[in-house]
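Structural overview
What follows is the residue order along each chain.
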Amino acid sequence: MSTLLEVENITLRFGGVTAINDVSFSVEDHELFAIIGPNGAGKTSIFNTISQVYRPQEGDIRFEGSSIMGTRPDHVAEMGIARTFQNIELFPQMTVIDNLLTGRHIRMKGSVFSGALWWGKAKREEMENRRKVEDIIDFLEIEQWRKYPVALLPYGIQKRVELGRALAMDPKILLLDEPVAGMNLEETEDMARFILDIKRELDIAMVMVEHDMGLVMDIADRVMVLDFGQRIALGTPDEVQKNPDVIAAYLGSEFA
Amino acid sequence: MFRRPNLYTSYQAETQVLPTFTKKVIAIFAIVALFLMPFDVPIISGPTELPILRSIPLIGDGLPFFRFLGDAAWLRYMSDAMIVVVAALGLNILTGMAGQVSLGHAFFLGVGAYTGAFLGGHATDSVYGHGLPMWIWLPGAGVGAALVGIIVSPVAVRLRGLYLAIVTLGLVFLGIHMGNTDWGRKFAGDPSLGRSFPEMDLRVWKEETPLVSISEKGSWFGVEMSSNQKEFLFVAAVMLVFIFFAVNIKRTRTGRALQAIRDRDIAAEVMGVAEFKYKLVAFATSSFFAGVAGALYASHIGKMPAAQFNLILSIEFIAILLIGGAGTVAGTIMGSFFVILLPELVKDFSDWLSERAEGEGIVASVSEVILSGNQGDFGPISTATQTPNYPLNVFDLNLVLYGVLIIVFLIFEPLGLYGIWIKVRNYWKRWPFSY
Ligand SMILES: Nc1ncnc2c1ncn2[C@@H]1O[C@H](COP(=O)(O)OP(=O)(O)O)[C@@H](O)[C@H]1O
Ligand SMILES: [Mg+2]
C-alpha cells in the first residue's frame, strides 16, 4: 500500500477562530478513512483545505507525493480529488444527466468552437461521456430520475446524484461530507451499500465525514476524531471506540 | 411526463435538438414559413376575398397583424427582429447561461458595427474603410467585438451582480464618448449623421459587381425581388446559423460549465470548471454574437450615428431576456420578436383605430374612447407623434408597456414567454384531462 493523501500539521484560522489546529493524517490507496467529531469541530474545513477552497496558514497537503498548496480548486479536481458537500451543492436547474456530465468536464476537451459547430469529434466526445454517465446512473440506481432538473428530486436522491457527479470525475480519492445526514434508515443503508461498492468495485480511496457512528464503525478502515479543530484520536474503529478522550468528548468526561 | 414515453434506442437519438417527430415537423414548417414570408401570399396579406370572412368586421379589411407578408414595412421589422435575435442569443450566453448581468451589450454591437464599417465600408476623406467583402467584414465584426470583450474581461470576470452591471454600463458611455473623439469619428463618422455601412453583397474580393447582390433589387432564381426581400432572406439564414450555434453551445461542455458557474460557482470550481476562464469565454462569445449582429444591423439600417448604441438598446436586450425567459434559446427568440415587433403592432393598431374613428359602429366608438386625435378629446393614446406628457403618444406607450411587462413577468412568470409556452404545451398534452 502506498500513501495517496498526506495532510501534515495544517492550521486554519478565521480571524480569531482556529477551525483546524495542527492536524495531520494520511490516507492510503483503497482506504476508507472516516473523520468524526462534534459540530464545528473542523471536519468540513479539512475538506475545504484539501480542495483548496480555503488556504491553511500552516502545514502542507500532498497528493500522490507532491504538494497541492496554492493550487487552484479546478486543478485540484483535475488531479483526481472529487468531493460531495454537506449541504447539497448540485446545479439545481440542470437535469441529473447534465449534472453528471458536468462532473465529466475535466475529462473532456471540447471548446466553445467545437461545441458550437457540433462537428465530428465534439459530437463523439459528448456521446462517449454520455455513455460513462449512464453507467454511473445504472450503478447508483437513479435511472428513473435521469431527465429531471435536480431541484425537483427528493433529498435522498439528490445526495445520490451528488455522489454520482463526484464519481463522474473519475477520481482517485473521494471526499464525502456527511453522505447520510438527514436520511432515513432505508436511505442510509442504500448509501452505505453504494459506498462499499465504490470501495470494492471501483477501488477508489475515500475520506468520509459522518455523524452516524454506527455507519462509521461498520464500514471505515480507520477513523480520526476531531474536537475543537484538534485531532484527539486516530486508529481502527475498535481502537477509537475504546479511547478515553473520545468517550469524554462524545459523552462527557464523567464517563471516561 | 404526460405522454407516452418515447423510446430512445441510442444516445445519439436522444441528444438530438428535436428529438420527436412532431418537433421536427414543427421546425421544418416554421423554417419554410419563415422563408416564404417575404413573398406575397394573397390569402393572408391583404383584404380577404372570402365573403364569410369579409362579413366579420375586423378581419374583413385585413388585420394589421397579418400585414407583414410581402414587401411591406413589416418585412423590415421582421429583419430587425431577426438581427436582434442574434444579438440577444449572445447576451443569453453571458447573462442567461453564465449569470453575468451585462448592461454593455449595446457597446459590443457598436464595436461590431464599426469594425464591420472599418473593414467593409468605403473610405472617404473623413472615415476609414477598406472595402473588403462581406465574408471578411461580417465575421471580422464578430471577432473585433470578441477581442474587445477579451480586453475588458480581466476586470469583468472578477465582478458580479450590481458591480458588473455598473462597469458594463460604463462601457456604453465610454463607447459613445469614443465615437465623438476626433479619432473615433474616423470610424463612426459625423456624430449626428453617422457614416454609411457596407452592403450585404457577396463578393470574392473588392470587385465592382458582386457575385450575388443582396442590397440591390433584382431577380433570384427567376423571382423579381426587392432589396428588402433579399435582405430578409439573408438575415433569416444568418439567424438560423446563430440559433444552431447557441443551441449547440448550450448542450455541450461549455454550456454546462457556464450554467454550473451561474448556479453554484464554488461547487463548479471544485468540479474542475475554471471560473475565470469560462467567464472570459462567455464574454468573448457573447461579444462575438453582438458584433456580428451590430454589423448586420448597421448595414440593414444603412446610416446611423454612434449614439444609437446607447443604454436604451442595452436595456432592450435585458428586457428581451426577462420577457422571453433568460437561459433558454427558445425564450430568447420569442422575447426578441415580442420586444421588437410589439411597438410596431401598437403603432399599426392605433393607426388602424384612428382610420376608423370617423366611421360608425363599435370599432369607431372604441377608438373614440381610446384615442385622442386632433379633435382634442380625452383618450389616453394620442395619434400625434409629439405630444406633451398627456395623452401618451405611441412611443411613450411602448415604453410604459415594456416597464409593465417586465414587472408582470418578474412577478408572475419568471420563466418568461418560454414558461408560458411550456404551460400551454403541458396543458394540451394532458387535454382533455387538464386539471
Ligand atoms: N468561512 C468561514 N468563516 C469563518 N468561520 C468559519 C468558516 N468556515 C468554518 N468556520 C468556522 O470553523 C469552525 C469549523 O467549522 P466546520 O469545519 O464547518 O465544522 P464541522 O464540519 O466539523 O461541523 C466553526 O467554528 C466554524 O464557525
Ligand atoms: Mg461540516
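Counting of residues starts from 1 at the beginning of each chain's written sequence and follows it residue by residue. Chain letters start at A and ligand numbers start at 1, both assigned in the order the entries are written. Where totals are concerned, whole chains, interfaces and linings use all residues; where local detail is concerned, this predicted model gives features only for residues with pLDDT of at least 70, and gives and counts side-chain atom pairs only at 80 or more. Side-chain measures here rest on the full set of heavy atoms in the structure, leaving out hydrogens and waters.

Moving on: the overall build of chain B. A helix here means a DSSP run of H or I that spans at least four residues, while a strand means a run of E at least two residues long, and both kinds are numbered starting from the N terminus. From N to C terminus, chain B includes 19 helices and six strands. Burial classification: accessible surface area is computed with a 1.4 Å probe over protein chains only, and a residue below 20% of its type maximum counts as buried, one above 50% as exposed, and the rest as partly exposed. Classification of the 435 residues of chain B by burial places 49% in the buried group. A separation of at least 24 residues holds for 67% of the contacts in chain B among residues at least 6 apart in sequence. Total accessible area computed for chain B in this model is approximately 21400 Å², and 69% of it derives from carbon and sulfur atoms. Whether two residues are in contact is decided by their heavy atoms, any of which lying within 4.5 Å being enough. Accessible surface is estimated by sampling points in the Shrake-Rupley manner with a 1.4 Å probe; for residues, cover comes only from the protein chains shown.

Our next topic: the packing of helix α6 (residues 73-97) of chain B against helix α15 (residues 311-324) of chain B. Residues and elements named next belong to chain B. Their axes nearest at 10 Å, the elements α6 and α15 cross at an angle of 75°. Between α6 and α15, the interaxial angle falls into the category roughly perpendicular. Between α6, through Val84, Ala87, Ala88, Leu91, Asn92, Thr95 and Gly96, and α15, the contact on the second element is made entirely by Phe317, Ile318, Ile320 and Leu321. Residues are grouped as follows: nonpolar covers Ala, Val, Leu, Ile, Met, Phe, Trp, Tyr, Cys and Pro; charged covers Asp, Glu, Lys and Arg; every other residue, Gly included, is treated as polar. Along the lines of polarity and charge, the residues of the contact of α6 with α15 split into eight nonpolar, three polar and no charged. Each axis is a line fitted through C-alpha atoms, and for a helix only the stretch in contact is used; angles between axes span 0 to 180 degrees, taken between their N-to-C directions. Roughly parallel means an angle under 35 degrees; roughly antiparallel, over 145; roughly perpendicular, 65 to 115; everything else is oblique.

Residues and elements named next belong to chain A. Domains are outlined according to an automatic or database domain assignment. The domain boundaries assigned to chain A delineate domain 1 (1-80 + 172-256) and domain 2 (92-170). The C-alpha centroid of domain 2 is placed 27 Å from the C-alpha centroid of domain 1. At the junction of the two partners, domain 1 supplies 22 residues and domain 2 supplies 14 residues. Once two parts are joined, some of their accessible surface, as seen by a 1.4 Å probe, is lost; buried area is that loss totalled over both. In total, domain 1 and domain 2 occlude about 1300 Å² of area from one another, counting both sides; carbon and sulfur atoms represent 70% of this. On the domain 1 side of the interface with domain 2, the three residues burying the most area are Glu78, Met191 and Phe194, jointly 32% of the side's total. Salt bridges are counted wherever a side-chain nitrogen of Lys or Arg sits within 4 Å of a carboxyl oxygen of Asp or Glu. Here domain 1 is connected to domain 2 by two salt bridges. Any N or O atom pair separated by 3.5 Å or less is treated as a polar contact, with the protein-specific requirement of one donor-capable and one acceptor-capable atom, and with residues adjacent in sequence counted only for side-chain atom pairs. Summed over the shared surface of domain 1 and domain 2, the number is five residue pairs in polar contact (both at pLDDT 80 or more). Take the side of domain 1 that touches domain 2: its biggest share by element is nine residues, from helix α7 (residues 185-202). Counted by class, the side of domain 1 that touches domain 2 contains 11 nonpolar, two polar and nine charged residues.

Time to look at unusual backbone geometry. Residues and elements named next belong to chain A. In the Ramachandran plot, histidine 30 falls in the positive-phi region, its phi being about 65° despite a non-glycine side chain. Within the secondary structure layout, histidine 30 lies in the loop between β2 (17-28) and β3 (32-36). Its relative accessible area of 35% is what places histidine 30 among the partly exposed residues. Phi at glutamine 52 is positive, roughly 65°, even though this residue is not glycine.

Strand pairs in the sheet, formed through backbone hydrogen bonds, run parallel or antiparallel to each other. All names here are of chain A. Taken together, the four strands give an open sheet; going across it, the order is β2-β1-β4-β5, and neighbouring strands pair in antiparallel fashion. Pairing within the sheet leaves two strands with one partner each, and these edge strands are β2 and β5 (66-67). Strands were regarded as paired on the criterion that DSSP finds at least two bridges between them. For strand β1 (residues 3-14) and strand β4 (residues 58-63), the ladder comprises five bridges, and the chain directions are antiparallel. Within β4, the position partnered with leucine 5 by the bridge is phenylalanine 63. Here helix α1 (residues 43-50) sits on the sheet and contacts β1, β2 and β4; the angle it forms with β2, its principal contact strand, is near 65°.

This next bit is on helix α12 (residues 253-263) of chain B. Burial within α12 of chain B is extensive, with 10 of its 11 residues counted as buried. Buried within α12 of chain B are the following residues: Arg253, Thr254, Gly255, Arg256, Ala257, Leu258, Gln259, Ala260, Ile261 and Asp263 of chain B.

This part takes up the coordination of the magnesium ion (ligand 2). Note: metal donors comprise N, O and S atoms at 2.8 Å or less from the metal (3.2 Å for Na, K and Ca); water molecules are not included, so apparent gaps in a site are possible. For the magnesium ion (ligand 2), the full set of protein donor atoms is Thr44 of chain A (OG1) and Gln86 of chain A (OE1), and the range of their distances to it is 2.0 to 2.1 Å. With threonine 44 of chain A in helix α1 and glutamine 86 of chain A in the loop between β6 (81-83) and α3 (96-103), this pair connects stretches of sequence that are 42 residues apart.

What follows concerns the nonpolar core. Definition of nonpolar core: a set of buried residues of the types Ala, Val, Leu, Ile, Met, Phe, Trp, Tyr and Cys, connected through side-chain atoms within 4.5 Å. The biggest cluster of nonpolar side chains holds 157 residues, and the ones touching the most others in it are Val161 and Leu174 of chain A together with Phe317 and Phe337 of chain B. Of the residues that make up this core, three or more belong to each of domain 1 (1-80 + 172-256) and domain 2 (92-170) of chain A. Here leucine 174 of chain A is in contact with Ala82, Leu163, Ala166, Leu167, Ile198, Ile204, Ala205, Met206 and Val207 of chain A, once residues within four sequence places are set aside. In terms of nonpolar packing, the next biggest core, distinct from the first, is built from 28 residues, Leu5, Phe25, Ile81 and Ala205 of chain A among them.

This paragraph deals with the pattern of salt bridges. Residue and element names in this part refer to chain A. For the structure shown, the criterion picks out 23 salt bridges over all chains. A salt bridge links glutamate 162 to arginine 165, with the shortest nitrogen-to-oxygen separation between them at 3.6 Å. Highlighted residues: glutamate 162 and arginine 165, both in helix α6 (residues 155-167), separated by three residues, approximately one helical turn. Assigned by exposure class, glutamate 162 and arginine 165 land together as buried. Residue lysine 199 is joined to aspartate 221 by a salt bridge in which the shortest nitrogen-to-oxygen separation is 2.8 Å.

The interface is formed by 40 residues belonging to chain A together with 33 residues belonging to chain B. The tally of links from chain A across to chain B stands at two salt bridges. Residues glutamate 126 of chain A and arginine 256 of chain B are paired through a salt bridge, measuring 3.1 Å at the closest nitrogen-oxygen approach. Across the chain A-chain B interface, the total number found is 10 residue pairs in polar contact (both at pLDDT 80 or more). At the level of secondary structure, the elements contributing two or more residues to the side of chain A that touches chain B comprise α2 (73-79), α3, α4 (112-117) and α5 (120-139) of chain A.

Residues and elements named next belong to chain A. Around ligand 1, the neighbouring residues are Phe14, Val17, Ala19, Pro38, Asn39, Gly40, Ala41, Gly42, Lys43, Thr44, Ser45 and Tyr54. Alanine 41 is positioned such that a nitrogen or oxygen atom in its backbone is 3.2 Å from an oxygen atom of ligand 1. One nitrogen or oxygen atom from the main chain of glycine 42 is found 2.9 Å from an oxygen atom belonging to ligand 1. For ligand 1, the protein covers 63% of the area, taking 560 Å² as the surface of the free molecule. When contributions to the shell around ligand 1 are tallied by element, the ones reaching two or more residues are β2 and α1. Ranked by residues supplied to the shell around ligand 1, first place goes to α1 with three residues. Residues of the shell around ligand 1, tallied by class, amount to six nonpolar, five polar and one charged. One heavy atom suffices: a residue is near a molecule or strand as soon as one of its heavy atoms comes within 4 Å of it.

With that settled, the discussion passes to the packing of aromatic side chains. The criterion for an aromatic pair is that two Phe, Tyr or Trp rings (for Trp, the six-membered ring) have centres within 6.5 Å, with stacked assigned to planes under 30 degrees apart, edge-to-face to planes over 60 apart and tilted to the rest. A full pass over the atoms with the stated rule returns 17 aromatic pairs over all chains. Here tyrosine 418 of chain B and tryptophan 421 of chain B contribute two aromatic rings whose centre-to-centre distance is 6.2 Å and whose plane-to-plane angle is 40°, an arrangement assigned as tilted. Note that tyrosine 418 of chain B and tryptophan 421 of chain B are positioned in helix α19 (residues 416-430) at a spacing of three residues, about one turn of the helix. Under the relative-accessibility criterion, tyrosine 418 of chain B is labelled partly exposed at 22%. On the basis of relative accessibility, which here comes to 39%, the residue tryptophan 421 of chain B falls in the partly exposed class. A ring is scored as having a charge over it whenever the NZ atom of a lysine or the CZ atom of an arginine sits within 6 Å of its centre and within 35 degrees of its normal. Looking at arginine 165 of chain A, its charged tip hangs above the ring of phenylalanine 91 of chain A, at a distance of 4.7 Å from the centre. Positioned above the aromatic ring of phenylalanine 194 of chain A is the side chain of arginine 193 of chain A, whose terminal nitrogen or guanidinium carbon lies 5.0 Å from the ring centre.

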